[in-house]
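The lines below spell out each chain.
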Amino acid sequence: NKGRGCFKKLVKKRDELEMMLHIYNIDILAVTEANFDKTQTEEECKIQGYNMFWEKGREHDRRKNARVVTYVRQTLDVKVEKGMMKEDLVPEVWLSVGEQGKQRFLIGAIYREHKPWKQIKVGDKEGKTPAEQTERWRQWLEGKAGILNGNKEVVMLGDFNLQIYHKEDYTYRKMSRMLKEEVLDRGWKAMTSGPTRWEYTIRGEQESSVDLLLTNKPENSLESGIVEQPGHSDHHMVWMTRTMEAN
C-alpha cells in the first residue's frame with residue numbers, strides 16, 4: 001500500500017500521520033511538502049514500526065528543508081537509491097523494495113515545485129520563470145530515461161503539480177506535455193484519474209489532478225484509488241495496492 005499526503009510542518013502532524021498509517025494499513029507512505037527542516041529532529045517525527053527516509057534538501061547548506069519524506073514499514077526489505085535523488089532538480093526519494101529471493105522494484109516519491117512567478121530555491125538552482133522551471137523538468141526527465149524506458153518495475157507517486165486529465169494552465173502546458181510524451185506515451189499508466197484537489201481561481205472553483213500515481217507495470221496492481229482529504233491535508237491521498245506475488 002502506498003499513499004501521498006501534504007502537510008505544513010511534519011512534526012506538528014506526526015500523530016495524524018501515525019493514525020493514517022494504521023487506519024489504512026499503509027506499508028509505504030510518501031509525504032510531499034513535508035517541510036522536515038532542522039528545527040525538527042528525526043526522533044520527534046519517527047513513527048513506531050516504520051523507518052523514515054527523506055530527500056537531500058534537509059542537509060543542504062541553504063535550503064535545509066526536506067520537501068519529501070517517506071515512512072516505510074520496518075518488515076519490508078528496502079534500500080535507499082541515493083544515486084537517483086537529484087535534489088537540485090526535483091525533491092524526491094527513491095527506494096528499492098523487495099523480498100528475499102524475489103526481484104526488486106523501484107518506488108519514487110516526487111514533489112515538483114510550482115511557483116512560477118516567485119523565486120524558487122531548490123539546491124543551487126534558482127528558478128524565477130516558467131522557462132527555468134521547464135528546463136529543470138526537462139533535465140529531470142532526461143536523467144530518468146533509464147528507468148522510464150527500461151524493463152524494471154517502477155512506481156512514481158507524488159505531487160507533480162501538472163495536469164494530465166484537465167486542461168493545463170498555459171504556464172505549465174509544456175511541462176505537462178513532456179510528462180505525457182516521456183512517461184505515459186511509453187506505456188506507463190496513471191493508476192488514479194479523479195481530482196485530488198480543488199483550486200479557487202478568478203474563474204471559480206476548478207478541479208485539479210496534480211497528485212499522480214504512475215507505474216510501468218499496472219498488471220501488478222490489485223487495486224488503486226483516492227482517499228478524500230485525509231486529516232488536515234488540502235490534497236486527497238492517492239493509493240495503490242501491489243501484490244508481492246508479482247515478483
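Residues numbered from 1 in each chain as written. Predicted model: local features only at pLDDT ≥ 70, side-chain atom pairs only at ≥ 80, totals over all residues. Heavy atoms only, no water.

**Q** Help me out: how do you make sense of the overall build of the protein in this one?
**A** Across its full length, the protein holds five helices and 16 strands. Long-range pairs, those at least 24 residues apart, make up 63% of the contacts in the protein between residues at least 6 apart in sequence. Accessible surface computed for the protein: about 12,000 Å², of which carbon and sulfur atoms make up 46%. (Helix = DSSP H or I, 4+ residues; strand = E, 2+ residues; numbered from the N terminus. Contact = heavy atoms within 4.5 Å. Areas by Shrake-Rupley, 256 points an atom, 1.4 Å probe, with all protein chains shown as cover.)

**Q** It is not clear to me how the side chain of S221 should be interpreted in this structure. Could you clarify?
**A** Along the chain, the position of S221 falls in strand 15 (residues 221-227). On the accessibility criterion, S221 (15% relative accessible area) is buried. A polar side-chain atom of S221 sits 3.4 Å from the main-chain carbonyl oxygen of E223. Once residues lying within four places of it in the same chain are set aside, the contact partners of S221 are M191, M240, T241 and R242. (Buried < 20%, exposed > 50% of the residue type's maximum accessible area, 1.4 Å probe, protein only. Polar contact = N/O pair within 3.5 Å; in protein donor to acceptor, adjacent residues only side chain to side chain.)

**Q** Even after reading the chapter, I still don't get the packing of aromatic side chains, so can you show me in this structure?
**A** In this description, a pair of aromatic rings is defined by centroid distance and the angle of the planes. The full count for this structure, using the stated rule, is three aromatic pairs. Measuring from ring centre to ring centre gives 5.1 Å for F36 and W54, while their planes differ by 75°; the resulting arrangement is edge-to-face. Of this pair, F36 sits in strand 2 (residues 28-37) while W54 sits in strand 3 (residues 50-54); the two residues are 18 residues apart in sequence, bridging distant segments of the chain. Aromatic pair W137 and F160: ring centres 6.4 Å apart, planes at 85°, arrangement edge-to-face. (Phe/Tyr/Trp six-rings, centres within 6.5 Å; stacked < 30°, edge-to-face > 60°.)

**Q** It is not clear to me how the pattern of salt bridges should be interpreted in this structure. Could you clarify?
**A** Opposite charge on two side chains permits them to pair, given that their charged atoms come into close proximity. This structure, assessed with the given rule, holds eleven salt bridges. R104 is paired through a salt bridge with D77; the nearest N and O atoms lie 2.9 Å apart. Of the two residues, R104 is situated in the loop between strand 6 (92-98) and strand 7 (105-111) and D77 in strand 5 (residues 77-80); the sequence distance between them amounts to 27 residues. According to the relative accessible area criterion, R104 is buried, its value standing at 18%. What makes D77 partly exposed here is its relative accessible area of 33%. When the shortest N-O distance is used, the salt bridge between R186 and E182 registers 3.1 Å. Taking relative accessible area as the criterion, R186 reaches 42% and is therefore assigned partly exposed. Judged by relative accessible area, which is 29%, E182 ranks as partly exposed. Each of R14, D15 and E18 takes part in a single network of salt bridges with overlapping partners. (Salt bridge = Lys/Arg side-chain N within 4 Å of Asp/Glu carboxyl O.)

**Q** Help me understand the packing of helix 3 (residues 130-143) against helix 5 (residues 173-182) in this model?
**A** Helix packing geometry: the angle between the two helix axes and the distance between the axes. Their axes nearest at 10 Å, the elements helix 3 and helix 5 cross at an angle of 10°. It follows that helix 3 is roughly parallel to helix 5 by the angle criterion. Where helix 3 approaches helix 5, its residues Q133, T134, W137, R138 and L141 are matched on the opposing element by K174, M175, M178, L179 and E182. Considering only residue class, the contact of helix 3 with helix 5 consists of five nonpolar, two polar and three charged. (Axes fitted to C-alpha atoms, helices over the stretch in contact; angles between N-to-C directions. Parallel < 35°, antiparallel > 145°, perpendicular 65-115°, else oblique. Nonpolar A, V, L, I, M, F, W, Y, C, P; charged D, E, K, R; others polar.)

**Q** Just to check I follow, could you spell out the sheet that holds strand 14 (residues 211-215) for this structure?
**A** Within a beta sheet, neighbouring strands are joined by backbone hydrogen bonds and run either parallel or antiparallel to one another. Taken in spatial order, the six strands make up an open sheet running 5-6-7-10-14-11, and their pairing is mixed. The two strands at the open ends of the sheet, each matched to only one other strand, are strand 5 and strand 11 (189-190). Sheet topology places strand 6 next to strand 7; six bridges connect them, and they run antiparallel. Bridged to W94 within strand 7 is G108. (Pairing = 2+ DSSP bridges.)

**Q** Sorry if this is basic, but what is going on with helix 5 here?
**A** Residue pairs three or four apart in sequence face the same way in an α-helix, which turns once every 3.6 residues. Restricting attention to buried positions, one finds in helix 5 the residues M175, S176, M178 and L179. Buried residues of helix 5, seen end-on, are gathered within an arc of 155° and therefore sit on one face of the element. Along its buried surface, helix 5 packs onto helix 3 and strand 14. (Arc of directions from axis to C-beta.)

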